[in-house]
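# Structural features, examined
Here is what each chain is made of, one letter per residue.
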Amino acid sequence: MGKGHSGWTEDPRDALRARPDFSLEEFDRGATPGFRGRKSDGKALGRQRGTLLSELQERLFAEGRIGGSRSVLCVVQGLDTAGKGGVTRHVMSMVDPQGVALHSFGPPTEEELKHHFLWRIRRALPRPGLIGVFDRSHYEDVLVVRVDDLAPRDVWEQRYDEINRFEKDLVDCGTVVLKFALMVSQDEQGVRLMERLDRPDKRWKFSGNDVRTRGKWNAYQEAYQAVFERTSTDWAPWYVIPADHKWYSRAAITEILTQTMIDMDLGWPQPDWDPFDMREELAAEMSSRALKASLSDTVDNVKSAIAEDASVQREEVEVQVEDGDVDGASAKAEERAALAEVTAQKAQRFAELTRTRQQKERLVEQAEARETLAREGR
Ligand code: ATP
C-alpha cells in the first residue's frame, strides 16, 4: 500500500470492515473511505493491481494442483443495482478464467428446498486452488427470507449461528472467506432503476420485483444491519462497501482481494524433481538449434521470473510494515529485514542462473557432437 503512488491512504480492510459498533444507518454510501483520488485514479490503480492479482491467482492455482488445500471465497451481497454483477465480472476479468468459479444464487429450486439451506452452498464451494465468487449466497436465507417471511422467525434466527459455524469450518479447512456487501443509497438506486427503464439495452435487467423489493427498503436495511452485527466474525469479516460510485466499489474489492492474497504468502510450488536432471533428459531429445535458442532465452526467462517475484515481495514488505503496530524505528528494521530476504533470494536465483547457463552450453556442445556423428553416419 504505497502511500504516495497507490491512492490508498489506508488499507481498505481496515477502512471498510464491519466492526461490532457498525451502523448502517450512519453509513455514507457515496463516500470513498481510505482512497485519495478520483475516478480516473481508481481505475488506473485497478488496472495496475490486475497484473499482481493475476500472478497471485496463478500461484494459488498451482498450489491447488500439487495437493494444496487453500482456496478463496468471495461472497458478494447487495440490493438490486448495487453492482454485484459488475464487480464480479470486473474481478473475474483480471484473472485466468480457469482459476475462478462463479455461482449465482436465485430462489431455491424445489430440489434445493428439500435440503438444509447450506446444502446448495456446500456444493458450490471453490475447489482447492480456485477463487470462488458467490453472487448472492447463504445470506439470502437471513435477508429475503427474513424480510418476506419465507420461514418462521425461529428458523432464520438460528441461521446466523449456523452460518458462523459453517464459515469457521471452511476457514479451518483452508478457505479464506471474504464477504462484500455493496451498499447503494436509496436515491442512487432510484436513478439506476430509472436508467434501466430508459435504455432499451438495459430493460432486460429490470423486473417489477425490483420496485417491490425497493418498497421494503427499511426492512432490508434492518436485515443487513443484523447480518453485520451477527456474522462479521474474526475469521470471516464483512466488508461494507459504499456503492454509489461504481469505480470505488470495484477498486476497493480489487484491493481487498489483492491484499488478502498477498497475506496468504503464495509461493511457487517446489517440484520433487531436480530441474538439472530433467534438463539433461529433455536435451537428449532436442536439436542443437533448439538448444541454442533456449540458451539465448535463459537469461530473459529467469529475469522475468525474478522481476515478477520481486513485485509480489515488494508488496509483501509494504503490507508487513504497515500491518505491524510498530513505531518508526522497528518498522524500518522490519522493512530492512524483509528486503534483505528478497535480496538473498535474488542472489540465489542468479547463482542458479549461472549454473543453468553452463549446463546448457555443455548440452549444446553434446547435441552438436551427436549431430556430427549422425551426419557422418557413425
Ligand atoms: P439479480 O437480481 O441478482 O441480478 P436476477 O434478477 O437475475 O438476479 P435471480 O438470480 O434469478 O434474479 O434471483 C435473484 C433473486 O433470488 C433475488 O430476488 C433473491 O432475493 C432471490 N433469492 C436468492 N436466494 C434466495 C433464497 N435462499 N430464498 C429466497 N429467495 C432467494
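A brief report on the enclosed structure follows.

Rules of the game
- Residues numbered from 1 in each chain as written.
- Predicted model: local features only at pLDDT ≥ 70, side-chain atom pairs only at ≥ 80, totals over all residues.
- Heavy atoms only, no water.
- Helix = DSSP H or I, 4+ residues; strand = E, 2+ residues; numbered from the N terminus.
- Buried < 20%, exposed > 50% of the residue type's maximum accessible area, 1.4 Å probe, protein only.
- Contact = heavy atoms within 4.5 Å.
- Areas by Shrake-Rupley, 256 points an atom, 1.4 Å probe, with all protein chains shown as cover.
- 1 Å grid on protein atoms, 1.4 Å probe; cavity = no way out; pocket = protein on both sides within 12 Å on 5 of 7 lines; lining within 4 Å.
- Points joined across faces, edges and corners; volume = space filled by probe spheres on them.
- Nonpolar A, V, L, I, M, F, W, Y, C, P; charged D, E, K, R; others polar.
- Polar contact = N/O pair within 3.5 Å; in protein donor to acceptor, adjacent residues only side chain to side chain.
- Near = heavy atom within 4 Å.
- Pairing = 2+ DSSP bridges.
- Axes fitted to C-alpha atoms, helices over the stretch in contact; angles between N-to-C directions.
- Lys, Arg positive; Asp, Glu negative; His and termini not counted.
- Salt bridge = Lys/Arg side-chain N within 4 Å of Asp/Glu carboxyl O.
- Parallel < 35°, antiparallel > 145°, perpendicular 65-115°, else oblique.
- Left-handed = near helix turned anticlockwise from the far one by under 90°.

## Digging into the overall build of the protein chain
Helix and strand counts for the protein chain come out as 14 helices and five strands. Dimensions of the protein chain, computed from C-alpha atoms along their principal axes, come out at roughly 85 × 55 × 45 Å. Looking at the protein chain residue by residue over its 378 residues, the buried ones come to 45%. Contacts in the protein chain between residues at least 24 apart in sequence constitute 83% of all its contacts with a sequence separation of at least 6. As presented, the protein chain carries roughly 20100 Å² of accessible surface, and 49% of it is formed by carbon and sulfur atoms.

## Describing empty space enclosed by the protein
Scanning the model with the defined rule gives two cavities of 30 Å³ or more in all. When its volume is computed, the largest cavity comes out at roughly 60 Å³. In terms of lining, the largest cavity is formed by Cys74, Val76, Val87, Thr88, Val91, Val133, Phe180, Ile253 and Leu257. Of all elements in the fold, only strand S1 (71-78), helix H3 (84-93) and helix H11 (246-263) reach the threshold of two or more residues within the lining of the largest cavity. When residues in the lining of the largest cavity are grouped by element, the largest group, three residues, is from H3. Across the lining of the largest cavity, the residue classes break down as eight nonpolar, one polar and no charged.

## Quick notes on the environment of Asp80
Within the secondary structure, Asp80 is located in the loop between S1 and H3. You can call Asp80 buried: its relative accessible area is 14%. Not counting residues up to four positions away in its chain, the partners in contact with Asp80 are Arg136, Val184, Gln189, Asp210 and Thr213. A distance of 3.4 Å separates the side chain of Asp80 from the side chain of Arg136, its partner in a polar contact.

## Digging into the site of the ligand
Every one of the 13 residues lining the ligand counts as a neighbour, but Pro107, Arg120, Arg136, Glu140 and Asp141 are closest to it. At a separation of 3.0 Å, an oxygen atom of the ligand approaches a polar side-chain atom of Glu140. Between Asp141 and the ligand, the recorded distance is 3.2 Å, taken from a side-chain N or O atom to a nitrogen atom. Here the ligand has 630 Å² of accessible area as a free molecule, and 62% of this is covered by the chains.

## Digging into the sheet that holds S1
What the five strands build is an open sheet, ordered S2-S3-S1-S4-S5; its pairing is parallel. Two strands bound the open sheet, and with one partner strand each, they are strand S2 (100-104) and strand S5 (238-242). Along the sheet, successive strands turn relative to each other by an average axial angle of 20°, direction set aside. For S2 and strand S3 (residues 131-135), the ladder comprises five bridges, and the chain directions are parallel. If you follow Val100 over to S3, its bridge partner there is Ile131. Along the sheet, helix H7 (residues 153-172) makes contact with S1 and strand S4 (175-183), crossing S4 at roughly 135°.

## Considering the side chain of Asp210
With respect to the secondary-structure elements, Asp210 resides in helix H9 (residues 208-214). Buried charged residue Asp210 carries no salt bridge. Nearest counter-charge: Arg196, at 4.3 Å. Leaving out residues up to four positions away in the same chain, Asp210 has contacts with Asp80, Leu193, Arg196 and Lys205.

## Considerations on the side chain of Thr258
Along the chain, Thr258 turns up in helix H11. Once you skip the residues sitting within four places of it in the chain, Thr258 turns out to touch Arg49, Leu52, Leu53 and Leu56.

## Focus on the packing of H3 against H11
Between H3 and H11, the least distance of the axes is 10 Å, while the angle of their chain directions is 45°. If you check the angle between H3 and H11, you find them oblique. For the crossing formed where H3 meets H11, the hand is right-handed. Across from Gly86, Val87, His90 and Val91 in H3, the residues of H11 making contact are Ser249, Arg250, Ile253, Thr254 and Leu257. The class makeup of the residues in the contact of H3 with H11 is four nonpolar, four polar and one charged.

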